[in-house]
Amino acid sequence: MNDQKTLSPRAWAELLLLGLIWGASFLAIRIALDEVPVVTAVLHRTFWAALLLWLVVWASRIALPRDPRIWGAFLVMGLLNNVIPFGLMAWGQLHIETGLTSILNASTAIFGVLVAAAVFADERLTPRRLLGVSIGFAGVVVTIGPEHLTRLDPRSTAQLAVLAGTLSYALAGAWARARLSGLPPQLAAAGMLTGSSLILLPAALLIDGPVTLSLQPVTWAAIGYYALVATAGAYLLYYRVLAMAGAGNLMLVTLVIPPVAIGLGAWIRSEALPANAFGGLALLALGLMVLNRRPRRHD
């Protein structure tokens, strides 16, 4: 979290583009879910994205790893970073608005700080980070609504499922640092998505039944967007922005995603969020800005 760089105009532009791409992915996923079951929808996301990324790996002449432990690490990474969070969030979107899902998704950075502090000795939970995490969690509580934390109806369960997905993202980040650091990002992303697809294919057949390719054009358009653009393309753009902006500044993308998702959900699907969701988003944004503030020598 101390990896701070100055954001150039190009880095700002690509960071905003990444936020726009990921923000629109929530709507695309929800459109696909009108026709495709949850597990199959996630399989489409990982399978087509993996194919595109392997083409990138081949075109870049990147050597494949020979160590079987790396391929095992890809499988675990796919489970933590794709299968679990993609599945939980897609299921959650059946019961809550796309914009609300994107707001709760912003808590990924909050969980990431806690997981990193628990796993890595150089990621101490400093007073500044603790303040940012506390404000962020207050935002989560406000977003969900205290009344939904005390009962388990479909809406509250869906929100908790999305939060569980963000925790899985945080665990994936720690796993990637421990087991996949040093690999070319194109290879790491392709291997991860392949591991995800190997898990999801039998799960989709068991839970949803045979996968059909006979889908409405709008469904294929949505799948094409969230698989090829918002997954494969966004992973490549993510690593470009990471190299230019640093991990701390890259966290700002989570502030761009919710307004895009909220706006598209309201425009395309006539979604309306309760006032507490916007209050929670403001607190989450404040918590993220505290976490992203350039630390002092002993901060």
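As a reminder, the structure under discussion sits directly above these lines.
Residues numbered from 1 in each chain as written. Predicted model: local features only at pLDDT ≥ 70, side-chain atom pairs only at ≥ 80, totals over all residues. Heavy atoms only, no water.

**Student:** Mind showing me how you'd approach the side chain of Thr 219 here?
**Tutor:** With respect to the helices and strands, the residue Thr 219 is situated in helix α9 (residues 217-250). For Thr 219, a relative accessible area of 3% translates into the label buried. When neighbours within four sequence positions are excluded, Thr 219 is seen to be in contact with Ala 32, Glu 35 and Val 36. (Helix = DSSP H or I, 4+ residues; strand = E, 2+ residues; numbered from the N terminus. Buried < 20%, exposed > 50% of the residue type's maximum accessible area, 1.4 Å probe, protein only. Contact = heavy atoms within 4.5 Å.)

**Student:** Is there a simple way to explain helix α8 (residues 185-207) in this structure?
**Tutor:** Given 3.6 residues per helical turn, the α-helix brings residues three or four places apart onto the same face. Over its 23 residues, α8 runs 32 Å from end to end, which matches the ideal 33 Å to within 8%, given 1.5 Å per residue. Within α8, the axis deviates most sharply at Leu 200, by approximately 25°, and proline Pro 202 lies no more than four positions further along. The set of residues buried in α8 consists of Leu 187, Ala 188, Ala 189, Ala 190, Gly 191, Met 192, Leu 193, Gly 195, Ser 196, Ser 197, Leu 200 and Ala 204. Turning to α8, the residues buried within the fold contact α2 (38-59), α3 (68-93) and α9. Within two residues after α8, Gly 209 carries a phi angle of roughly 95°, on the positive side. (Expected span 1.5 Å × (residues − 1). Bend = angle between axes of the 7 residues up to and from the residue.)

**Student:** Any chance you could explain the packing of helix α6 (residues 127-144) against helix α7 (residues 154-179) here in plain terms?
**Tutor:** What describes two packed helices is the angle between their axes and the distance between those same axes. In the contact formed by α6 and α7, the axes pass within 11 Å of each other and the chain directions differ by 155°. Classed by the angle they form, the pair α6 and α7 counts as roughly antiparallel. Of the two elements, α6 crosses α7, and the hand of that crossing is right-handed. Judged by residue contacts, Val 140, Thr 143 and Ile 144 of α6 engage Gln 159, Leu 160 and Leu 163 from α7. For the contact of α6 with α7, the per-class residue count stands at four nonpolar, two polar and no charged. (Axes fitted to C-alpha atoms, helices over the stretch in contact; angles between N-to-C directions. Parallel < 35°, antiparallel > 145°, perpendicular 65-115°, else oblique. Left-handed = near helix turned anticlockwise from the far one by under 90°. Nonpolar A, V, L, I, M, F, W, Y, C, P; charged D, E, K, R; others polar.)

**Student:** Mind showing me how you'd approach the pattern of salt bridges here?
**Tutor:** Close approach of charged atoms allows side chains of opposite charge to pair. Under the defined criterion, the tally for this structure stands at nine salt bridges. The shortest N-O distance in the salt bridge between Arg 269 and Asp 34 comes to 3.1 Å. In this pair, Arg 269 sits in helix α10 (residues 253-269) while Asp 34 sits in the loop between α1 (9-33) and α2, placing the two residues 235 residues apart along the sequence. Residue Arg 269 is classed as partly exposed on the basis of its relative accessible area, which comes to 29%. Note on Asp 34: relative accessible area 48%, which makes it partly exposed. Note that Glu 123 and Arg 129 form a salt bridge whose closest N and O atoms lie 3.0 Å from each other. In terms of burial, Glu 123 and Arg 129 fall into one category: buried. Each member of the salt-bridge network shares a partner with another, and the members are Asp 122, Glu 123, Arg 129 and Arg 177. (Salt bridge = Lys/Arg side-chain N within 4 Å of Asp/Glu carboxyl O.)

**Student:** Help me out: how do you make sense of the packing of aromatic side chains in this one?
**Tutor:** Aromatic rings in a pair are described by how distant their centres are and how their planes are angled relative to each other. A full pass over the atoms with the stated rule returns eight aromatic pairs. When the ring of Trp 22 is compared with that of Tyr 238, the centres are 6.1 Å apart and the planes differ by 45°; the resulting orientation is tilted. One end of the pair, Trp 22, is in helix α1; the other, Tyr 238, is in helix α9, with 216 residues separating them in the sequence. When the ring of Phe 111 is compared with that of Phe 137, the centres are 5.3 Å apart and the planes differ by 80°; the resulting orientation is edge-to-face. Of this pair, Phe 111 sits in helix α5 (residues 108-119) while Phe 137 is found in helix α6, placing the two residues 26 residues apart along the sequence. Taking the relative accessible area as the measure of exposure, Phe 137 reaches 26% and is therefore partly exposed. (Phe/Tyr/Trp six-rings, centres within 6.5 Å; stacked < 30°, edge-to-face > 60°.)

**Student:** Is there a simple way to explain a nonpolar patch on the surface in this structure?
**Tutor:** There is a patch of nonpolar side chains on the surface, built from Leu 52, Leu 55, Leu 228 and Val 229 and spanning about 300 Å² of accessible area. Assignment of secondary structure puts Leu 228 in helix α9. Residue classification places Leu 228 among the partly exposed positions, given a relative accessible area of 37%. (Patch = residues over 30% accessible without salt bridge, like charges linked within 9 Å, V, L, I, M, F, W, Y side chains within 5 Å. Areas by Shrake-Rupley, 256 points an atom, 1.4 Å probe, with all protein chains shown as cover.)

**Student:** Hey, could you run me through the environment of Leu 252 in this one?
**Tutor:** Relative to the elements of secondary structure, Leu 252 occurs in the loop between α9 and α10. For the pair Leu 252 and Leu 55, spaced 197 residues apart in the sequence, the C-alpha separation amounts to 30 Å. Those residues in contact with Leu 252 that sit more than four places away from it in its chain are Leu 7, Trp 12, Leu 15 and Asn 292.

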